[in-house]
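Topology and contacts: notes
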Amino acid sequence: MQTVAHEGLHERREEDRHRRDKLLRVFRPIVDIRARIYDLAHEAQTQDVMSYVDPRTGRRNAGSIAQTAAPRDDWRAKRLAVDTVLDDVKGDRYPRGR
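Rules behind the numbers
Residues numbered from 1 in each chain as written. Predicted model: local features only at pLDDT ≥ 70, side-chain atom pairs only at ≥ 80, totals over all residues. Heavy atoms only, no water. Helix = DSSP H or I, 4+ residues; strand = E, 2+ residues; numbered from the N terminus. Buried < 20%, exposed > 50% of the residue type's maximum accessible area, 1.4 Å probe, protein only. Contact = heavy atoms within 4.5 Å. Core = buried A, V, L, I, M, F, W, Y, C linked by side-chain atoms within 4.5 Å. Expected span 1.5 Å × (residues − 1). Salt bridge = Lys/Arg side-chain N within 4 Å of Asp/Glu carboxyl O.

All right, on to the side chain of T46 then. Summarising the element assignment, T46 is placed in the loop between α1 (2–42) and α2 (47–50). By relative accessible area, which is 14% here, T46 ends up buried. T46 has contacts with L40 and T84, leaving out every residue within four places of it along the chain.

Here the focus is the nonpolar core. Formed by I37, L40, A41, M50, A81 and V85, the largest nonpolar core amounts to 6 residues. Listed by contribution, the elements that provide at least two residues to this core are α1 and α3 (72–88). At 3 residues, α1 tops the list of elements feeding residues into this core.

Take α3 next. The end-to-end C-alpha distance of α3 is 24 Å, a good match for the 24 Å that 17 residues give at a rise of 1.5 Å each. Positive phi shows up at K90, right after α3, with a value of about 65°.

Next up on the list: the pattern of salt bridges. Tallied over the full model, the rule gives 8 salt bridges. Salt-bridge contacts for R60 lead to D48; the nearest nitrogen and oxygen are separated by 3.3 Å. A residue pair is termed long-range when its members are at least 10 positions apart, and R60 in strand β2 (residues 60–62) and D48 in helix α2 qualify at 12 residues. Linked by salt bridges that have partners in common, R36, D39, E43 and D88 make up one network.

Geometric descriptors of this kind do not, in isolation, establish any biological role.
And the structure:
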């Protein structure tokens, strides 16, 4: 009886491991892109586009994409950051409206 229960438990663990590995493979591309966004915010060539300086603290913060955009210039900065990421990961850019 114990052997049968042990085998069943082993089979369920293998199924869970397989399911988890499959799920991780599905999310791997977006995790890699998120890591690349972080890198772009810290590289000298792209940090001005991918990060901003907080006017209150004077500290540079990663996340032009995540920054709340109110004025039109903020939206332009956000669009430039998104385009920078898509260019870097070879994604298709949305057509620019006029």
